[in-house]
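# Examination of the molecular architecture
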Amino acid sequence: MSTATRRSFLTDWTVVVPVVALVALVFSWGRDLPGFAVALVALCLAGAVLAAVHHAEVVAHRVGEPFGSLVLAVAVTVIEVALIVTLMADGGDKTASLARDTVFAAVMITCNGIVGVSLLVGALRNRVAVFNPEGSGAALATVATLATLSLVLPTFTTSKPGPEFSTAQLTFAAVASLALYGLFVAVQTVRHRSYFLPVDTGGGVAGGEEHADPPTARAALISLGLLLIALVAVVGDAKAVSPTIERAVAAAGLPQAVVGVIIALLVLLPETLAAVRAARRDRVQTSLNLAYGSAIASIGLTIPAIALASIWLSGPLLLGLGPIHMVLLALTVVVSALTIVPGRATLLQGGVHIVLLAGYLFLAVSP
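Reference entry: report on the structure contained in this document. These numbers come from a predicted model, not from an experiment. (Residues numbered from 1 in each chain as written. Predicted model: local features only at pLDDT ≥ 70, side-chain atom pairs only at ≥ 80, totals over all residues. Heavy atoms only, no water.)

### Quick look at the overall build of the protein
Across its full length, the protein carries 13 helices and 2 strands. Going through the 367 residues of the protein one by one, you find that 52% of them count as buried. In the structure as shown, the protein presents an accessible area of about 15,900 Å², 69% of it carried by carbon and sulfur atoms. Across the protein, the 19 positively charged side chains and the 18 negatively charged ones have centroids separated by 4 Å. (Helix = DSSP H or I, 4+ residues; strand = E, 2+ residues; numbered from the N terminus. Buried < 20%, exposed > 50% of the residue type's maximum accessible area, 1.4 Å probe, protein only. Areas by Shrake-Rupley, 256 points an atom, 1.4 Å probe, with all protein chains shown as cover. Lys, Arg positive; Asp, Glu negative; His and termini not counted. Charge placed at Lys NZ, Arg CZ, Asp CG, Glu CD.)

### Digging into the nonpolar core
Within the largest apolar cluster, 100 residues are counted, with the highest numbers of intra-cluster contacts made by Met-88, Tyr-292 and Tyr-360. Not counting residues within four places of it along the chain, the set of residues in contact with Tyr-360 comprises Asp-101, Phe-104, Ala-105, Met-108, Val-261, His-325 and Leu-328. (Core = buried A, V, L, I, M, F, W, Y, C linked by side-chain atoms within 4.5 Å. Contact = heavy atoms within 4.5 Å.)

### Quick notes on helix H5 (residues 98–126)
Each α-helix turn comprises 3.6 residues. Residues three or four places apart therefore point the same way. The terminal C-alpha atoms of H5 lie 40 Å apart, and with 29 residues this matches the ideal 42 Å at 1.5 Å per residue to within 8%. A large share of H5 lies buried, amounting to 24 of its 29 residues. Of the residues trailing H5, Arg-127 is marked for its positive phi of about 70°. (Expected span 1.5 Å × (residues − 1).)

### Thoughts on the environment of Val-352
Positionally, Val-352 belongs in helix H13 (residues 347–365). Judged by relative accessible area, which is 33%, Val-352 ranks as partly exposed. For the pair Val-352 and Pro-133, spaced 219 residues apart in sequence, the C-alpha separation works out to 18 Å.

### Section: unusual backbone geometry
Positive phi, normally seen in glycine, also occurs at Arg-127, with a value near 70°. Here Arg-127 shows up in the loop between H5 and strand S1 (129–130). Non-glycine residue Asp-282 carries a positive phi angle of around 65°. Within the element layout of this structure, Asp-282 appears in the loop between helix H10 (269–280) and helix H11 (284–309).

Structural data, given as structure tokens:
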């Protein structure tokens, strides 16, 4: 690398911002921040989100689909799990439902928000958004199964009072979630990889990006490292401002579940922006890979991690959804199936998903 190139690299905002955001995390960790410091950390958080999107796209361009989508989905979910466990360890009984609230919020945001916006962007460009129903349908079925096993059944089991699993039931749910996640990854990346590749208007596999050559292996590795730094900064800075968010939620008289919604919104920002940018390049299938892959990873990795963490976490672990959320989940699954089956979607389908997300967010604030 020449001196000029090295200097340009070191001053590139996509390199500087994640490092600055990580420094902000180090200085803010465990401290009660004043208002101006919260604003600065929030600014670093926004910059880290944008940097994460850039580096995720560099990695995705290098490894191709569907591996690129998988990189971002897994990276974000692993750090999301760490954030949930950290907050539950610090919060005691008041965070007993945090895992459920955050995971369900992630499912609703990905399956309705990311999918809806991606379909709107794709349909606005070409009148009809085109994708592969075989791959997307398999992903949706996996999401529905994982959500039902982990978030619906605890409400109806009788081994323990309340929406909780017994130790044996939680173990089964954790093992089943991890097995389904592993099976999905194997199908997506090896056995039926073609089902998850972007398609053109004729239904065939779309050609590669013609406007830019793939980055070198070295550049991709650097971006992968910076992606991880940016994601750590995103979640860490989100945790740093979370006490302010919790106080604001309490002062406004809003339900505690709103904290889980806000956490999910912050953590999923990189994937949302990456999905929208993919849809703008007529890669709606990539957007759906990001959406459903994130939902699958969110449940498939979070439930086993929470089950393991429950060994030392004190207090109950509430996983079962209430009636309102179960209705929203059922409606999301039905509408998503009707959207996916044709392999083509218009503005209407995108709008329906956006309305479902808006309904969920409204009811989270005003149950």
